[in-house]
Amino acid sequence: MKKLTCFLLLLSITLAACTSVKQKATDKEMMVYIGTYAKPDAESIFAYRLNEETGALTRALGVKGGENPSFLTLDADRKHLYAVNETTEYEGQKSGAVSAFAIDQKTGDLTFLNRQPSLGGAPCYISLDHKNKVALVANYVGGNVSAFPVQADGRLGASSDMDQHQGKGPRPQQDGPHAHCILPDPQNDYALAVDLGIDQIISYKLDRSAGKLERQAQPAFTAKPGAGPRHLTFHPTNKRFAYVINELNATLTTFTYNPSNGTLTEVETVSTIPAGYTGENSCADIHVSADGRFLYGSNRGHNSIVVFSIDANTNKLTLVEHVSTQGNWPRNFAFSPSGRTLLVANQRSNNITTYKVDTQTGKLTYTGNSASVPSPVFVQVVPAFPETPRQ
(Lines give C-alpha, C1' and ligand atoms only; values in the text may rest on other atoms or scores of the structure.)
Protein backbone atom coordinates (compact mmCIF):
# COMPACT_ATOMS: atom_id res chain seq x y z
CA MET A 1 0.00 0.00 0.00
CA LYS A 2 2.83 2.36 0.88
CA LYS A 3 4.52 1.65 -2.48
CA LEU A 4 1.26 2.35 -4.34
CA THR A 5 0.82 5.67 -2.51
CA CYS A 6 4.36 6.72 -3.37
CA PHE A 7 3.83 5.73 -7.00
CA LEU A 8 0.62 7.78 -7.29
CA LEU A 9 2.32 10.77 -5.67
CA LEU A 10 5.24 10.54 -8.10
CA LEU A 11 2.83 10.20 -11.04
CA SER A 12 0.88 13.29 -10.02
CA ILE A 13 4.09 15.32 -9.73
CA THR A 14 5.23 14.15 -13.16
CA LEU A 15 1.90 15.00 -14.80
CA ALA A 16 1.88 18.43 -13.18
CA ALA A 17 5.34 19.13 -14.55
CA CYS A 18 4.24 18.22 -18.09
CA THR A 19 1.05 20.25 -18.30
CA SER A 20 0.14 23.92 -18.23
CA VAL A 21 -0.80 25.38 -14.89
CA LYS A 22 -3.41 28.11 -14.53
CA GLN A 23 -2.28 30.93 -12.28
CA LYS A 24 -4.35 33.80 -10.96
CA ALA A 25 -3.29 37.03 -12.67
CA THR A 26 -2.25 40.01 -10.57
CA ASP A 27 -2.68 43.71 -11.29
CA LYS A 28 1.07 43.83 -11.95
CA GLU A 29 0.81 41.39 -14.86
CA MET A 30 0.07 41.95 -18.52
CA MET A 31 -0.55 39.53 -21.41
CA VAL A 32 1.71 39.85 -24.46
CA TYR A 33 0.65 38.36 -27.80
CA ILE A 34 3.47 37.76 -30.28
CA GLY A 35 3.27 37.14 -34.03
CA THR A 36 6.14 35.36 -35.80
CA TYR A 37 7.47 33.94 -39.02
CA ALA A 38 6.94 30.18 -38.78
CA LYS A 39 6.24 27.02 -40.76
CA PRO A 40 2.60 25.95 -41.26
CA ASP A 41 2.68 23.13 -38.70
CA ALA A 42 4.68 24.93 -36.00
CA GLU A 43 3.57 26.94 -33.00
CA SER A 44 3.52 30.45 -34.38
CA ILE A 45 1.43 32.74 -32.12
CA PHE A 46 2.71 33.01 -28.58
CA ALA A 47 1.54 34.65 -25.38
CA TYR A 48 3.77 35.70 -22.51
CA ARG A 49 3.01 37.08 -19.06
CA LEU A 50 4.72 40.42 -18.44
CA ASN A 51 5.55 41.50 -14.91
CA GLU A 52 5.26 45.29 -15.14
CA GLU A 53 7.35 45.87 -12.03
CA THR A 54 10.39 43.96 -13.24
CA GLY A 55 9.91 43.70 -17.01
CA ALA A 56 10.27 39.91 -16.81
CA LEU A 57 8.51 37.76 -19.44
CA THR A 58 7.20 34.25 -18.78
CA ARG A 59 5.81 32.06 -21.51
CA ALA A 60 2.08 31.36 -21.13
CA LEU A 61 1.10 29.57 -24.33
CA GLY A 62 1.87 28.85 -27.95
CA VAL A 63 -0.63 27.92 -30.66
CA LYS A 64 -0.49 26.89 -34.29
CA GLY A 65 -1.68 30.01 -36.08
CA GLY A 66 -0.89 28.89 -39.61
CA GLU A 67 2.13 29.92 -41.65
CA ASN A 68 3.77 33.27 -40.82
CA PRO A 69 1.13 34.99 -38.64
CA SER A 70 3.31 38.07 -38.69
CA PHE A 71 0.93 40.89 -37.77
CA LEU A 72 -1.91 40.65 -35.25
CA THR A 73 -4.72 42.78 -33.92
CA LEU A 74 -7.31 42.32 -31.15
CA ASP A 75 -10.84 43.68 -31.07
CA ALA A 76 -11.74 46.28 -28.45
CA ASP A 77 -13.31 43.73 -26.08
CA ARG A 78 -10.32 41.33 -26.33
CA LYS A 79 -12.69 38.58 -27.44
CA HIS A 80 -11.10 37.93 -30.81
CA LEU A 81 -7.63 38.02 -32.32
CA TYR A 82 -6.94 38.41 -36.04
CA ALA A 83 -3.73 37.56 -37.87
CA VAL A 84 -2.36 37.90 -41.37
CA ASN A 85 -0.67 34.79 -42.76
CA GLU A 86 2.18 36.36 -44.68
CA THR A 87 2.57 33.92 -47.58
CA THR A 88 2.43 34.32 -51.36
CA GLU A 89 0.31 31.24 -52.04
CA TYR A 90 -2.85 30.07 -50.32
CA GLU A 91 -5.11 27.25 -51.53
CA GLY A 92 -3.59 27.45 -54.99
CA GLN A 93 -4.05 31.21 -55.30
CA LYS A 94 -1.39 33.92 -55.46
CA SER A 95 -2.49 35.16 -52.08
CA GLY A 96 -1.82 35.11 -48.40
CA ALA A 97 -4.55 34.65 -45.82
CA VAL A 98 -6.18 36.23 -42.78
CA SER A 99 -7.16 34.19 -39.71
CA ALA A 100 -9.63 34.69 -36.87
CA PHE A 101 -9.31 33.29 -33.33
CA ALA A 102 -11.58 33.38 -30.28
CA ILE A 103 -9.87 34.43 -27.03
CA ASP A 104 -10.69 32.50 -23.84
CA GLN A 105 -11.83 35.20 -21.42
CA LYS A 106 -10.39 33.37 -18.41
CA THR A 107 -6.98 32.37 -19.73
CA GLY A 108 -6.33 34.32 -22.93
CA ASP A 109 -5.88 31.07 -24.86
CA LEU A 110 -6.76 31.06 -28.57
CA THR A 111 -9.20 28.88 -30.53
CA PHE A 112 -9.05 28.97 -34.32
CA LEU A 113 -12.29 30.14 -35.96
CA ASN A 114 -11.69 30.49 -39.69
CA ARG A 115 -9.39 31.71 -42.42
CA GLN A 116 -9.94 33.67 -45.65
CA PRO A 117 -7.68 34.40 -48.64
CA SER A 118 -6.33 37.94 -48.42
CA LEU A 119 -6.57 38.52 -52.21
CA GLY A 120 -2.91 39.47 -52.46
CA GLY A 121 0.49 38.00 -51.71
CA ALA A 122 2.29 38.54 -48.39
CA PRO A 123 -0.31 40.36 -46.27
CA CYS A 124 1.71 42.24 -43.66
CA TYR A 125 -0.77 44.44 -41.74
CA ILE A 126 -4.29 44.10 -40.35
CA SER A 127 -6.46 46.56 -38.45
CA LEU A 128 -10.11 46.86 -37.41
CA ASP A 129 -12.39 49.84 -37.81
CA HIS A 130 -13.34 51.40 -34.48
CA LYS A 131 -16.72 49.60 -34.39
CA ASN A 132 -15.14 46.18 -35.08
CA LYS A 133 -17.26 45.73 -38.19
CA VAL A 134 -14.54 45.60 -40.88
CA ALA A 135 -11.02 44.16 -40.98
CA LEU A 136 -8.58 46.03 -43.23
CA VAL A 137 -5.56 44.24 -44.74
CA ALA A 138 -2.47 45.46 -46.61
CA ASN A 139 -0.97 42.95 -49.08
CA TYR A 140 2.71 43.75 -49.59
CA VAL A 141 3.59 41.57 -52.60
CA GLY A 142 0.10 41.90 -54.05
CA GLY A 143 0.35 45.69 -53.87
CA ASN A 144 -3.27 46.05 -52.83
CA VAL A 145 -5.57 46.47 -49.85
CA SER A 146 -8.64 44.42 -49.00
CA ALA A 147 -11.59 44.58 -46.59
CA PHE A 148 -13.38 41.79 -44.73
CA PRO A 149 -16.68 41.91 -42.83
CA VAL A 150 -16.40 40.80 -39.21
CA GLN A 151 -19.31 38.53 -38.36
CA ALA A 152 -21.19 38.49 -35.07
CA ASP A 153 -19.33 35.41 -33.85
CA GLY A 154 -15.94 36.95 -34.69
CA ARG A 155 -15.36 34.99 -37.89
CA LEU A 156 -14.22 36.78 -41.01
CA GLY A 157 -16.49 36.82 -44.03
CA ALA A 158 -15.13 36.60 -47.57
CA SER A 159 -13.50 39.81 -48.75
CA SER A 160 -16.07 42.53 -49.43
CA ASP A 161 -13.68 44.80 -51.36
CA MET A 162 -10.17 45.04 -52.80
CA ASP A 163 -8.30 47.91 -54.43
CA GLN A 164 -5.19 47.37 -56.55
CA HIS A 165 -2.43 49.99 -56.38
CA GLN A 166 -0.36 50.90 -59.45
CA GLY A 167 3.09 52.35 -60.08
CA LYS A 168 6.64 52.01 -58.77
CA GLY A 169 9.39 54.07 -57.17
CA PRO A 170 13.07 54.80 -57.93
CA ARG A 171 14.65 52.23 -55.58
CA PRO A 172 15.11 48.49 -56.29
CA GLN A 173 12.71 47.68 -53.44
CA GLN A 174 10.07 49.77 -55.24
CA ASP A 175 9.65 47.55 -58.31
CA GLY A 176 5.89 47.86 -57.95
CA PRO A 177 3.25 48.81 -55.40
CA HIS A 178 3.86 47.39 -51.91
CA ALA A 179 1.03 48.20 -49.50
CA HIS A 180 2.47 48.04 -45.98
CA CYS A 181 -0.19 49.51 -43.68
CA ILE A 182 -3.89 50.35 -43.63
CA LEU A 183 -5.88 51.71 -40.70
CA PRO A 184 -8.99 53.82 -40.01
CA ASP A 185 -8.70 57.48 -39.11
CA PRO A 186 -9.74 58.60 -35.59
CA GLN A 187 -13.22 59.54 -36.82
CA ASN A 188 -13.70 56.10 -38.46
CA ASP A 189 -14.68 57.83 -41.71
CA TYR A 190 -11.60 57.21 -43.85
CA ALA A 191 -9.03 54.43 -44.14
CA LEU A 192 -5.47 55.44 -44.96
CA ALA A 193 -3.23 52.97 -46.82
CA VAL A 194 0.55 53.44 -46.80
CA ASP A 195 2.30 52.09 -49.91
CA LEU A 196 6.08 51.71 -49.69
CA GLY A 197 6.46 50.86 -53.38
CA ILE A 198 4.87 54.00 -54.83
CA ASP A 199 5.72 56.52 -52.07
CA GLN A 200 2.08 57.32 -51.43
CA ILE A 201 -0.52 57.32 -48.70
CA ILE A 202 -3.88 56.56 -50.31
CA SER A 203 -7.16 57.70 -48.78
CA TYR A 204 -10.40 55.69 -48.88
CA LYS A 205 -13.86 56.65 -47.76
CA LEU A 206 -14.82 53.81 -45.45
CA ASP A 207 -18.30 52.28 -45.80
CA ARG A 208 -18.48 50.11 -42.69
CA SER A 209 -21.93 48.67 -43.30
CA ALA A 210 -21.00 47.33 -46.74
CA GLY A 211 -17.31 46.78 -46.03
CA LYS A 212 -16.36 48.95 -49.01
CA LEU A 213 -13.34 51.16 -49.69
CA GLU A 214 -14.07 54.15 -51.93
CA ARG A 215 -10.73 55.40 -53.21
CA GLN A 216 -10.42 59.18 -53.25
CA ALA A 217 -9.37 61.02 -56.40
CA GLN A 218 -6.08 62.27 -54.96
CA PRO A 219 -3.63 60.56 -52.57
CA ALA A 220 -3.71 61.69 -48.97
CA PHE A 221 0.02 62.40 -49.35
CA THR A 222 2.86 61.80 -51.80
CA ALA A 223 6.24 61.29 -50.15
CA LYS A 224 9.68 62.20 -51.44
CA PRO A 225 10.69 59.71 -54.19
CA GLY A 226 12.45 56.74 -52.64
CA ALA A 227 11.32 57.47 -49.07
CA GLY A 228 9.35 54.22 -48.84
CA PRO A 229 6.62 55.13 -46.30
CA ARG A 230 5.84 52.08 -44.17
CA HIS A 231 3.69 52.57 -41.03
CA LEU A 232 1.28 55.35 -40.02
CA THR A 233 -0.06 56.32 -36.62
CA PHE A 234 -2.26 59.12 -35.26
CA HIS A 235 -1.71 61.24 -32.17
CA PRO A 236 -3.78 59.73 -29.32
CA THR A 237 -5.22 63.03 -28.02
CA ASN A 238 -4.85 65.55 -30.85
CA LYS A 239 -6.62 63.74 -33.69
CA ARG A 240 -5.32 66.32 -36.19
CA PHE A 241 -1.72 65.11 -35.85
CA ALA A 242 -0.34 62.05 -37.66
CA TYR A 243 3.06 60.44 -38.26
CA VAL A 244 4.65 58.13 -40.85
CA ILE A 245 7.96 56.28 -40.64
CA ASN A 246 9.78 55.95 -43.96
CA GLU A 247 11.57 52.63 -44.30
CA LEU A 248 13.94 53.30 -47.19
CA ASN A 249 15.47 56.70 -46.39
CA ALA A 250 15.42 56.41 -42.57
CA THR A 251 13.17 59.38 -41.90
CA LEU A 252 10.00 60.19 -40.06
CA THR A 253 7.35 62.65 -41.28
CA THR A 254 4.87 64.59 -39.15
CA PHE A 255 1.53 65.81 -40.52
CA THR A 256 -1.60 67.71 -39.83
CA TYR A 257 -4.65 65.67 -40.78
CA ASN A 258 -7.83 66.99 -42.41
CA PRO A 259 -10.70 64.72 -41.28
CA SER A 260 -13.14 66.28 -43.75
CA ASN A 261 -11.39 64.81 -46.79
CA GLY A 262 -8.86 62.32 -45.43
CA THR A 263 -5.72 64.22 -46.50
CA LEU A 264 -2.36 64.89 -44.84
CA THR A 265 -0.20 68.02 -44.91
CA GLU A 266 3.50 67.68 -44.10
CA VAL A 267 4.86 69.61 -41.10
CA GLU A 268 8.45 68.34 -41.21
CA THR A 269 10.61 65.32 -41.98
CA VAL A 270 13.48 64.30 -39.68
CA SER A 271 16.13 61.58 -39.64
CA THR A 272 15.67 58.53 -37.41
CA ILE A 273 19.37 57.72 -37.16
CA PRO A 274 22.25 59.60 -35.49
CA ALA A 275 24.26 62.12 -37.50
CA GLY A 276 27.26 60.47 -39.09
CA TYR A 277 25.87 56.92 -39.05
CA THR A 278 26.62 55.30 -42.43
CA GLY A 279 25.69 51.66 -41.85
CA GLU A 280 22.69 49.74 -43.09
CA ASN A 281 19.34 50.92 -41.80
CA SER A 282 15.73 50.15 -42.56
CA CYS A 283 12.96 51.72 -40.47
CA ALA A 284 10.01 49.64 -39.32
CA ASP A 285 7.49 50.64 -36.66
CA ILE A 286 6.18 53.86 -35.09
CA HIS A 287 4.14 54.67 -31.95
CA VAL A 288 3.15 57.69 -29.84
CA SER A 289 3.08 57.54 -26.05
CA ALA A 290 -0.42 57.44 -24.57
CA ASP A 291 -0.10 60.99 -23.22
CA GLY A 292 0.91 62.25 -26.68
CA ARG A 293 4.19 63.80 -25.53
CA PHE A 294 6.69 61.45 -27.18
CA LEU A 295 7.14 59.69 -30.52
CA TYR A 296 9.10 56.45 -30.97
CA GLY A 297 10.41 54.66 -34.07
CA SER A 298 12.43 51.49 -34.71
CA ASN A 299 15.68 51.35 -36.70
CA ARG A 300 16.68 47.99 -38.20
CA GLY A 301 20.42 47.96 -38.83
CA HIS A 302 21.25 50.66 -36.32
CA ASN A 303 19.14 48.40 -34.07
CA SER A 304 17.70 51.17 -31.96
CA ILE A 305 14.55 52.89 -30.82
CA VAL A 306 14.64 56.60 -31.58
CA VAL A 307 12.75 58.88 -29.20
CA PHE A 308 11.43 62.38 -29.98
CA SER A 309 9.47 64.85 -27.90
CA ILE A 310 6.41 66.36 -29.64
CA ASP A 311 5.60 70.06 -29.54
CA ALA A 312 1.92 70.18 -28.59
CA ASN A 313 1.30 73.33 -30.64
CA THR A 314 3.35 72.85 -33.82
CA ASN A 315 3.68 69.02 -33.96
CA LYS A 316 7.42 69.48 -34.52
CA LEU A 317 9.91 67.03 -33.04
CA THR A 318 12.98 67.32 -30.84
CA LEU A 319 15.37 64.40 -30.58
CA VAL A 320 15.57 62.86 -27.10
CA GLU A 321 17.76 59.78 -27.58
CA HIS A 322 18.60 56.58 -29.43
CA VAL A 323 18.47 53.37 -27.36
CA SER A 324 19.86 49.96 -28.33
CA THR A 325 17.20 47.26 -28.72
CA GLN A 326 19.59 44.65 -27.28
CA GLY A 327 19.01 42.55 -30.38
CA ASN A 328 19.07 42.49 -34.17
CA TRP A 329 16.46 43.92 -36.57
CA PRO A 330 13.71 45.42 -34.35
CA ARG A 331 10.65 44.78 -36.49
CA ASN A 332 7.87 45.90 -34.15
CA PHE A 333 7.45 47.31 -30.65
CA ALA A 334 4.60 48.17 -28.30
CA PHE A 335 3.75 49.90 -25.03
CA SER A 336 1.95 48.32 -22.12
CA PRO A 337 -1.49 49.88 -21.42
CA SER A 338 0.00 51.87 -18.53
CA GLY A 339 2.68 53.32 -20.80
CA ARG A 340 5.37 52.41 -18.26
CA THR A 341 6.85 49.48 -20.19
CA LEU A 342 7.97 49.11 -23.80
CA LEU A 343 8.60 45.77 -25.53
CA VAL A 344 10.65 45.26 -28.71
CA ALA A 345 10.52 42.30 -31.11
CA ASN A 346 14.02 41.69 -32.50
CA GLN A 347 13.37 39.50 -35.53
CA ARG A 348 16.85 38.29 -36.45
CA SER A 349 18.15 37.71 -32.92
CA ASN A 350 14.95 35.83 -31.92
CA ASN A 351 14.26 37.79 -28.75
CA ILE A 352 11.83 40.17 -27.07
CA THR A 353 13.38 42.83 -24.85
CA THR A 354 11.67 45.06 -22.27
CA TYR A 355 12.29 48.66 -21.17
CA LYS A 356 11.10 50.94 -18.42
CA VAL A 357 9.66 54.20 -19.75
CA ASP A 358 10.26 57.49 -17.95
CA THR A 359 6.92 59.14 -18.63
CA GLN A 360 8.32 62.58 -17.80
CA THR A 361 11.30 62.50 -20.17
CA GLY A 362 10.29 59.77 -22.63
CA LYS A 363 13.63 58.00 -22.06
CA LEU A 364 13.96 54.21 -22.04
CA THR A 365 15.94 52.02 -19.65
CA TYR A 366 16.62 48.38 -20.47
CA THR A 367 15.29 46.12 -17.70
CA GLY A 368 17.83 43.39 -18.39
CA ASN A 369 15.02 41.01 -19.33
CA SER A 370 14.93 39.23 -22.67
CA ALA A 371 12.75 36.30 -23.79
CA SER A 372 13.71 33.90 -26.58
CA VAL A 373 11.03 33.75 -29.29
CA PRO A 374 11.61 32.41 -32.83
CA SER A 375 11.51 35.18 -35.48
CA PRO A 376 9.25 37.60 -33.55
CA VAL A 377 7.78 40.34 -35.72
CA PHE A 378 4.81 41.67 -33.72
CA VAL A 379 3.95 42.37 -30.08
CA GLN A 380 0.74 43.61 -28.45
CA VAL A 381 0.25 44.08 -24.72
CA VAL A 382 -3.14 43.84 -22.99
CA PRO A 383 -4.28 43.48 -19.37
CA ALA A 384 -3.83 39.94 -18.10
CA PHE A 385 -6.79 37.56 -18.13
CA PRO A 386 -8.06 36.25 -14.74
CA GLU A 387 -6.24 32.94 -15.08
CA THR A 388 -3.14 33.05 -17.23
CA PRO A 389 -1.70 29.70 -18.32
CA ARG A 390 1.87 28.94 -17.36
CA GLN A 391 3.92 26.45 -19.36
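Please read all numbers here as calculations on a predicted model, not as lab measurements. Numbering of residues starts from 1 in each chain and follows the order in which that chain's sequence is written. Owing to the predicted nature of the model, reporting of local features is limited to residues with pLDDT of at least 70; listing and counting of side-chain atom pairs is limited to 80 or more, with chain, interface and lining totals taken over all residues. Hydrogens and water molecules were not included; the side-chain quantities draw on all heavy atoms of the structure.

Caption draft 1: The arrangement of the sheet that holds strand E8 (residues 110–117) in detail. Spatially, four strands are ordered E5-E6-E7-E8 in an open sheet, and the strand pairing comes out antiparallel. The sheet is open, and its two edges are formed by strand E5 (69–74) and E8, each paired on a single side. Across the sheet, the axes of successive neighbouring strands diverge by a mean angle of 25°, strand direction being ignored. Two strands form a pair only when DSSP identifies at least two bridges running between them. Comment: elements are numbered from the N terminus, with helices defined as DSSP H or I runs of at least four residues and strands as E runs of at least two. Pairing between E5 and strand E6 (residues 80–85): four bridges, direction antiparallel. Its bridge partner being in E6, Leu72 is matched across the sheet by Ala83. Every angle, taken between N-to-C directions, lies between 0 and 180 degrees, and every axis is a line fitted to C-alpha atoms, over only the stretch in contact when it is a helix.

Caption draft 2: How the structure looks around the sheet that holds strand E23 (residues 294–300). Ordered by their spatial adjacency, four strands build an open sheet running E22-E23-E24-E25, and the pairing between neighbours is antiparallel. Only two strands of the sheet have a single neighbouring strand rather than two, namely strand E22 (282–288) and strand E25 (317–324). Across the sheet, the axes of successive neighbouring strands diverge by a mean angle of 20°, strand direction being ignored.

Caption draft 3: Inspection of the environment of Ser338 at higher detail. Take Ser338: it is sitting in the loop between strand E26 (330–335) and strand E27 (341–346). Residues Ser338 and Val381, 43 residues apart in the sequence, show an inter-C-alpha distance of 10.0 Å. A distance of 2.8 Å separates the side chain of Ser338 from the side chain of Glu52, its partner in a polar contact. Polar contacts here mean pairs of N or O atoms no more than 3.5 Å apart (in protein, one a potential hydrogen donor and the other a potential acceptor; neighbouring residues in sequence count only if both atoms are side-chain atoms). Engagement of the side chain of Ser338 in a polar contact is seen with the backbone nitrogen of Arg340, the distance being 3.2 Å.

Caption draft 4: View of the pairing of E27. In this scheme, a residue with accessible area under 20% of its type's maximum is buried, one over 50% is exposed, and one in between is partly exposed, where area comes from a 1.4 Å probe on protein chains only. With six of its six residues buried, E27 lies for the most part within the structure. Neither face of E27 is open: one carries Thr341, Leu343 and Ala345, the other Leu342, Val344 and Asn346, and all of them are buried. Pairing of E26 with E27 involves five bridges; the strand directions are antiparallel. Within E27, the position partnered with Asn332 by the bridge is Ala345. Between E26 and E27, which pair antiparallel and follow one another directly, the connecting turn spans five residues, one of which, Gly339, has a positive phi of 80°. Pairing geometry for E27 and strand E28 (residues 351–357), over six bridges, is antiparallel. Residue pairing for E28: Leu342 is matched across the bridge by Tyr355.

Caption draft 5: Expanded view of the side chain of Asn303. In this fold, Asn303 is placed in the loop between E23 and strand E24 (304–310). Classification of Asn303 by relative accessible area gives buried; the value is 15%. Only 3.1 Å separates the side chain of Asn303 from the backbone nitrogen of Gly301, close enough to count as a polar contact. Ignoring anything within four residues of it in the chain, the contact list for Asn303 reads Val323, Ser324, Thr325, Gly327, Asn328, Trp329 and Pro330. When checking whether two residues touch, look at their non-hydrogen atoms; a contact exists if any pair is within 4.5 Å.

Caption draft 6: Inspection of unusual backbone geometry at higher detail. Positive phi, normally seen in glycine, also occurs at Asn68, with a value near 50°. Within the secondary structure layout, Asn68 lies in the loop between strand E4 (57–63) and E5. A positive phi angle is found at Asn303, which is not glycine, with a value near 55°.

Caption draft 7: Local environment of the pattern of salt bridges. When a carboxyl oxygen of Asp or Glu is within 4 Å of a side-chain nitrogen of Lys or Arg, the pair counts as a salt bridge. What the rule picks out here adds up to ten salt bridges. Two residues, Arg331 and Glu86, come together in a salt bridge whose shortest N-O distance is 3.9 Å. Of this pair, Arg331 sits in strand E26 while Glu86 sits in the loop between E6 and strand E7 (97–103), and the two are 245 residues apart along the sequence. Both residues of the pair, Arg331 and Glu86, belong to the buried class. Through salt bridges that share partners, Arg230, Glu247 and Arg300 make up one connected network.

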